Amino acid sequence: MSKPKNQCSKTHGAPKVKERDQKVCIRFKCTVLNTLMDVLRHRPGWVEVKDEGEWDFYWCDVSWLRENFDHTYMDEHVRISHFRNHYELTRKNYMVKNLKRFRKQLEREVGKLEAAKCDFFPKTFELPSDYHLFVEEFRKTPGITWIMKPVARSQGKGIFLFRKLKDIMDWRKDVGRSDDQKDDIPVENYVAQRYIENPYLIGGRKFDLRVYVLVMSYIPLRAWLYRDGFVRFSNTRFTLSSIDDHYVHLTNVAVQKTSPDYDPEKGCKWMIQRFRQYLTSKHGPEMVETLFRDMDNIFIKSLQSVQKVIISDKHCFELYGYDILIDQDLKPWLLEVNASPSLAASSQEDYQLKTCLLEDTLHIVDMEARLTGKEKRVGGFDLMWNDGPVSREEEGIDTAGTGNFVANTHLGCNNDRKKQLRQLFCSFHSQKKVTS
């Protein structure tokens, strides 16, 4: 959706490179100094642009998008790293609103069985607007634990658990405010969510999964699932007797690394491959296959829930970070979706993963125009949805209706990426030595 050029608009991009030109130069802009900048600076033919220079590719932050997108003209080939209204999926309150609406739509159009496939997020209320509805639900099940999350913050900031209404009195005060209170600063919007009190534990500790999904288009929906990801552990053994202890209940690395006994050498992460192997040894391959198939359902249904409300601009792509919690029954729960998942590395293994993740993301964005458009796998990414489910190459499509369709997803099944990770990491390390 290119904007008309006018006196107030900014223009980015240039005419396509002539066929006789052998060397393609991609001008990129990025404001984040972490693994992402390393990848961009080492990509052949890519040149960094600073300040107000012309760019072809911009890994922008959401604040730039909010302030500049509607006033920026972009040529056909230009790409930026967010959709205009990405918040429809990545703000906690909007995500739940869209999922609830989509569930009702499925029940109305397809039936209750299909609608039940959206039952992967805990019961949730937005406060203060839904305060009275929340109180009704709260009183139905006294004594259970709820968790309060600010709708637009990240890294565990502002989160707390509670079991008593008196702990959220601030949100009650903001409902039906009197004229004398209108000049007061309104309370921050939160979601009150039923806390998963029976999380699956490993070594007595709670964890969640960070999974990466790359969306290149919403209309039609075209989404890729990354094979690698990681499991984030809490630093303290799980218990419901101390709901005020963030080191027990929040798995965010930003929280855990402030723990007094946090060991930066060991960290608090597993690779998803290790996690899948662990579960398979405990529960067998069939139960684990079902769990990961249920996670695939979460990714697809959540994207479908916003497909008609996201502005699907051809210049935009989005690398989402999904946070998934597993309970004792091996049921996955969607906690949130991040529009700007952390790309900073907390260990060498973390750096390797994110380096390859970003390299593969750029391969799919394909500024160099190398792809044919028929690929089902690019690096560690597998195409899981292309205006419909994508089958694995070796299985084929179930045209006979025998129920043998196998989705083209391989989360945690990576057999050949570790070697690629090491090679790419060593390549980056040697280049840094040369340039330093």
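Preceding block: the structure.
Since we're looking at a predicted model, the values are computed, not measured.

Novice: Would you take a moment to explain the overall build of the protein chain for this structure?
Specialist: When its secondary structure is counted, the protein chain shows 13 helices and 17 strands. Within the span of the protein chain, comprising 436 residues, buried residues form 51% of the whole. Of the contacts formed within the protein chain by residues at least 6 apart in sequence, a portion of 67% connects residues at least 24 apart. In the form shown here, the protein chain has an accessible surface area of approximately 21800 Å², with 50% of it arising from carbon and sulfur atoms.

Novice: Mind showing me how you'd approach the side chain of H86 here?
Specialist: Mapped onto the fold, H86 is located in the loop between β6 (79–80) and α3 (87–90). What makes H86 buried here is its relative accessible area of 9%. Separated by 3.2 Å, the side chains of H86 and T90 make a polar contact. Setting aside anything within four residues of it in sequence, one finds H86 in contact with V62, L65, I310, E318 and A339.

Novice: What is the right way to look at unusual backbone geometry in this model?
Specialist: Backbone geometry follows two general trends: most residues other than glycine have a negative phi, and most peptide bonds adopt the trans configuration. Following L127, the chain continues to P128 via a peptide bond in cis, the omega torsion being 15°. Locating P128 in the fold gives a position in the loop between β7 (124–127) and α6 (131–140). A cis amide bond links I219 with the next residue in sequence, P220, at an omega value of -5°. Despite not being glycine, L330 has its phi angle at roughly 60°, a positive value.

Novice: Explanation requested: the packing of aromatic side chains in the structure shown.
Specialist: We describe a pair of aromatic rings using the distance from one ring centre to the other and the angle between the two ring planes. As enumerated under the stated definition, the model contains 29 aromatic pairs in all. Ring centres 6.2 Å apart and planes at 70° place the aromatic pair F120 and F121 in the edge-to-face group. The burial state of F120 is the same as that of F121; both residues are buried. With a centroid separation of 4.6 Å and an interplanar angle of 55°, the aromatic rings of Y226 and F381 are classed as tilted. Here Y226 is found in strand β12 (residues 221–233), whereas its partner F381 is found in strand β17 (residues 381–386), with 155 residues between them in sequence. According to the relative accessible area criterion, Y226 is buried, its value standing at 0%. Taken together, the ring pairs in this structure connect F125, F134, F138, W146, F160, F162, W171 and Y190 into an aromatic cluster. Sitting over the face of the ring of F292, R276 holds its NZ or CZ atom 4.2 Å from the ring centroid. The lysine or arginine in question, K331, covers the ring of W333, its NZ or CZ lying 4.7 Å from the ring centre.

Novice: Looking at this model, I keep getting lost on a positive patch on the surface. Mind explaining?
Specialist: Taken together, the side chains of K100, K104, K123 and R194 make up a positively charged region of the molecular surface. Along the chain, R194 turns up in strand β10 (residues 190–194).

Novice: Quick question: what am I supposed to make of the packing of helix α4 (residues 92–109) against helix α11 (residues 285–306) here?
Specialist: Packed helices, taken two at a time, are described by the angle their axes make and the gap between the axes. Contact geometry of α4 with α11 gives a least axis separation of 9 Å together with a crossing angle of 95°. One way to sum up the angle between α4 and α11 is to call them roughly perpendicular. Here N98, L99, R101, F102 and L106 of α4 lie close against α11, whose contacting residues are K301, S302, Q304, S305 and V306. Per-class residue counts for the contact of α4 with α11 are 4 nonpolar, 4 polar and 2 charged.

Novice: I would appreciate a short explanation of the sheet that holds strand β2 (residues 26–30) in the present structure.
Specialist: Note: strands within a sheet are paired through backbone hydrogen bonds, in either parallel or antiparallel orientation. Spatially, 4 strands are ordered β3-β2-β4-β6 in an open sheet, and the strand pairing comes out parallel. Edge positions in the sheet fall to β3 (46–48) and β6, since each of these pairs with one other strand and no more. Bridge count for β2 against strand β4 (residues 57–59) is 3 bridges, and the pairing is parallel. Counterpart to K29 in the pairing with β4 is Y58. Where helix α12 (residues 348–365) meets the sheet, its contacts fall on β3, β4 and β6, and the angle it forms with β4 comes to roughly 140°.

Novice: How should I be thinking about the state of the cysteines in this particular structure?
Specialist: Counted under the stated rule, the structure contains 0 disulfides. With no disulfide of its own, C60 has C316 as its nearest cysteine by sulfur position, at a separation of 8.1 Å.

Novice: Looking at this structure, I do not really get the pairing of strand β14 (residues 318–326). What am I missing?
Specialist: Note on strand geometry: in a regular strand, side chains alternate between the two faces of the sheet. Within β14, 9 of the 9 residues are buried, which leaves it mostly tucked inside the rest of the structure. Here β14 shows a buried face lined by E318, Y320, Y322, I324 and I326 and a second buried face lined by L319, G321, D323 and L325. Examined bridge by bridge, strand β11 (residues 207–218) and β14 share 7 bridges and lie antiparallel to one another. Within β14, the residue paired with V213 across the bridge is Y320. When β14 meets strand β15 (residues 332–338), the two strands line up antiparallel, connected through 6 bridges. Bridged to I326 within β15 is P332.

Novice: What is the right way to look at α4 in this model?
Specialist: Every α-helical turn comprises 3.6 residues, leaving residues that sit three or four positions apart pointing alike. When the terminal C-alpha atoms of α4 are compared, their 26 Å separation across 18 residues agrees well with the 26 Å that a helix rising 1.5 Å per residue should span. Residues of α4 that are buried include every one of K92, N93, M95, V96, N98, L99, F102, Q105 and L106, and no others. Phi for G111, located one or two positions after α4, is positive at around 135°.

Novice: Teacher, can you tell me more about the sheet that holds β10 here?
Specialist: Read across the sheet, 4 strands follow the order β7-β10-β8-β9 without closing on themselves; strand pairing throughout is antiparallel. Where the open sheet ends on each side, the last strands, each with one partner, are β7 and β9 (160–162). Sheet twist, expressed as the mean angle between neighbouring strand axes with direction ignored, is 25°. The pairing of strand β8 (residues 146–150) with β10 spans 5 bridges and is classified as antiparallel. Bridging from a neighbouring strand, W146 pairs with R194 of β10. The sheet contacts of α4 involve β7, β8 and β10, and relative to β7 the element is tilted by about 135°. Running over the sheet, α6 touches β7, β8, β9 and β10 and is turned about 140° from β7.

Cut-offs and rules
Residues numbered from 1 in each chain as written. Predicted model: local features only at pLDDT ≥ 70, side-chain atom pairs only at ≥ 80, totals over all residues. Heavy atoms only, no water. Helix = DSSP H or I, 4+ residues; strand = E, 2+ residues; numbered from the N terminus. Buried < 20%, exposed > 50% of the residue type's maximum accessible area, 1.4 Å probe, protein only. Contact = heavy atoms within 4.5 Å. Areas by Shrake-Rupley, 256 points an atom, 1.4 Å probe, with all protein chains shown as cover. Polar contact = N/O pair within 3.5 Å; in protein donor to acceptor, adjacent residues only side chain to side chain. Phe/Tyr/Trp six-rings, centres within 6.5 Å; stacked < 30°, edge-to-face > 60°. Lys NZ or Arg CZ within 6 Å of the ring centre and 35° of its normal. Patch = residues over 30% accessible without salt bridge, like charges linked within 9 Å, V, L, I, M, F, W, Y side chains within 5 Å. Salt bridge = Lys/Arg side-chain N within 4 Å of Asp/Glu carboxyl O. Lys, Arg positive; Asp, Glu negative; His and termini not counted. Charge placed at Lys NZ, Arg CZ, Asp CG, Glu CD. Axes fitted to C-alpha atoms, helices over the stretch in contact; angles between N-to-C directions. Parallel < 35°, antiparallel > 145°, perpendicular 65-115°, else oblique. Nonpolar A, V, L, I, M, F, W, Y, C, P; charged D, E, K, R; others polar. Pairing = 2+ DSSP bridges. Disulfide = S-S within 2.5 Å. Expected span 1.5 Å × (residues − 1).

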